[in-house]
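# Tertiary structure, described
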Amino acid sequence: MKNIVIASDSFKGSLTSIEVSDAAEIGIRNVFPQCNVIKVNVADGGEGTVEVIVKALGGNIHTATVTDPLGRPINATYGIVEQKGIKTAVIEMSAASGLPHLLPEERNPLITSTYGTGLLILNALTQGCRKFLIGIGGSATNDAGTGMLSALGVKFFDSSGKLLKGSGSDLEYIAKIDVSSLLPEVKASEFIVACDVDTPFCGPEGAAHVFAPQKGATPQMVDVLDRGMFSFAKRIAATFNTNIIPIDGAGAAGGLGGAFKVFLNAHLTKGIEMVLNVISFDSIIRDADLVITGEGRVDFQTAKGKTAAGVLEHTKKASIPTIVIGGSVEMCPALKNMGFAGIYPIINTPVSLEKAMQKDFASANISRTIEQVLTTIKHFK
């Protein structure tokens with residue numbers, strides 16, 4: 001083989017994307033020492049997305065003082081890349097409004113807010129950014145984006161005219177939406193939002209019922225939140241003549257996806273698709289003989305649009321055989337039918353999860369697995 005591309009997600013909690021690629025390269029060179037190995041950092045719009053895009057496009061990391069989900073000051077980072085005179089901000093909403101900022105006992109989606117995410121956008125606007133690539137995974141919130149929108153100038157009032165701050169508990173009391181103070185810089189900007197969740201805005205399969213319990217909501221809180229989402233959806237329909245409920249991705253990040261779509265005219269897309277398009281992945285794989293992708297766990301969710309699925313979608317169009325490796329693999333019909341040339345777990349002996357996730361152990365297993373696979377391929381060539 002002359003050209004092999006490695007485009008793997010991180011093995012979360014164990015190895016970064018580049019560490020997976022480095023380990024795979026060792027396995028490749030043990031079989032094809034003269035092979036041209038191209039290592040591509042990829043991510044699915046969640047953790048690691050900023051780093052991947054900034055490195056690929058030669059940007060810089062910026063730090064801004066914003067607020068966490070409970071309104072406490074924190075420093076959050078985001079990326080800025082410049083192409084053809086256009087500054088693009090690359091933001092992970094979890095940097096400001098993510099669940100890791102809270103202790104378990106602090107999790108309460110009735111009071112958490114995406115206001116800090118709005119402040120990150122505001123900071124990027126002051127840096128001259130007019131295009132935004134935003135990943136919205138890992139949120140601690142269910143405020144339907146009202147906190148973020150408040151930071152950008154949108155105002156929400158209750159029936160008595162009181163200004164609401166923007167939180168999950170405020171949603172059912174919103175009687176008036178005022179967008180007249182939305183910053184003109186926001187209106188002049190383009191937003192592309194990585195939004196892998198197809199959860200609807202509200203209802204039994206909606207944001208509150210499906211994800212709010214993971215963010216600390218009790219069953220009673222879930223009912224309050226879902227009622228608020230329904231009420232807010234009605235207010236949006238009355239104000240903008242838009243039904244937010246069935247929009248794909250509207251329920252992502254506690255309704256933040258819907259807020260981006262309706263208020264900021266954002267384009268919602270799969271996270272991996274956003275990343276692959278930005279880094280011109282089709283050009284990178286043009287001469288590849290084989291593509292290797294991977295993620296920490298390969299299972300039925302892989303087929304629903306995770307990193308490996310996104311990579312495969314592009315390689316299939318180019319008729320390039322692609323294999324996927326995983327820290328663990330749970331085979332299922334959906335996975336088998338995706339079209340991978342091979343699906344390989346890197347663990348070949350029973351070990352504890354703690355042992356399996358140790359960096360050196362995982363790296364060695366990746367190298368060994370790739371070497372074994374390529375040795376077989378070499379034998380039949």
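Residue numbers run consecutively from 1 along every chain, following the written order of its sequence. Totals for whole chains, interfaces and linings use all residues, but because this is a predicted model, local features are given only for residues with pLDDT of at least 70 and pairs of side-chain atoms are given and counted only at 80 or more. Side-chain measures were taken over the full set of non-hydrogen atoms in the model, leaving aside hydrogen atoms and water.

With that settled, consider the pairing of strand β12 (residues 290-298). Three exposure classes are used, based on accessible area relative to the maximum for each residue type with a 1.4 Å probe and protein chains only: buried under 20%, partly exposed in between, and exposed over 50%. Numbering goes from the N terminus for both helices and strands, where a helix is a DSSP run of H or I of at least four residues and a strand is a run of E of at least two. For β12, the buried fraction is high: seven of the nine residues fall into the buried class. In this structure, β12 lies alongside strand β13 (residues 322-329), joined through seven bridges in parallel fashion. Note on β13: the bridge partner recorded for E295 is G326. The handedness rule is simple: strands pointing away from the viewer, and a clockwise path from the first strand over the helix to the second, make the crossover right-handed. Following the backbone out of β12, through helix α12 (residues 307-317) and into the adjacent parallel β13, one traces a crossover that is right-handed. When DSSP locates at least two bridges between a pair of strands, those strands are taken to pair.

Centre-to-centre distance and the angle between the planes together describe a pair of aromatic rings. What counts as a ring pair is set by centres within 6.5 Å for rings of Phe, Tyr and Trp (its six-membered ring), and what kind of pair is set by the plane angle: stacked under 30 degrees, edge-to-face over 60, tilted for all other angles. What the rule picks out here adds up to six aromatic pairs. Taking 5.9 Å as the distance between ring centres and 70° as the angle between the ring planes, the aromatic pair formed by F156 and F232 counts as edge-to-face. On the criterion of sequence distance, the pair formed by F156 in strand β7 (residues 155-157) and F232 in helix α8 (residues 219-240) is long-range, its members being 76 residues apart. By relative accessible area, which is 1% here, F156 ends up buried. Taking the relative accessible area as the measure of exposure, F232 reaches 0% and is therefore buried. The rings of F156, F232, F240 and F263 are connected pair by pair, giving a single aromatic cluster. Any Lys NZ or Arg CZ that is within 6 Å of a ring centre and within 35 degrees of that ring's normal is treated as a charge sitting over the ring. Between the NZ or CZ atom of K378 and the centre of the ring of F32, over which it lies, the distance is 5.8 Å.

Spatially, the six strands line up as an open sheet ordered β3-β4-β5-β6-β10-β11, and their pairing is mixed. Every other strand in the sheet has two partners, leaving β3 (60-67) and β11 (267-269) as the edge strands with one partner each. Between one strand axis and the next, the sheet turns by 25° as a mean value, whatever way the strands run. As paired elements, strand β4 (residues 73-83) and strand β5 (residues 86-92) share five bridges and run antiparallel to each other. Within β5, the position partnered with Q83 by the bridge is I86. Lines fitted to C-alpha atoms define the axes here, with helix axes fitted over just the stretch in contact, and angles between the N-to-C directions of these axes take values from 0 to 180 degrees.

The end-to-end C-alpha distance of α8 is 31 Å, a good match for the 32 Å that 22 residues give at a rise of 1.5 Å each. Restricting attention to buried positions, one finds in α8 the residues M221, V222, L225, D226, G228, M229, F232, A233 and I236. Taken around the axis of α8, the buried residues stretch over an arc of 160°, which confines them to a single face. Facing away from the buried side of α8, by more than 90 degrees, are the exposed residues Q220, K234 and A238. Those residues of α8 that are buried are in contact with α5 (146-151), β7, β9 (176-178), α7 (207-211) and α9 (252-264). Note on α8: the residue one or two positions beyond its end, N241, has a positive phi of about 55°. To estimate the expected span of a helix, subtract one from its residue number and multiply by 1.5 Å. Read the arc as the range of directions from the helix axis to the C-beta atoms. The contact definition used throughout considers only heavy atoms, calling two residues in contact when any of these lie within 4.5 Å.

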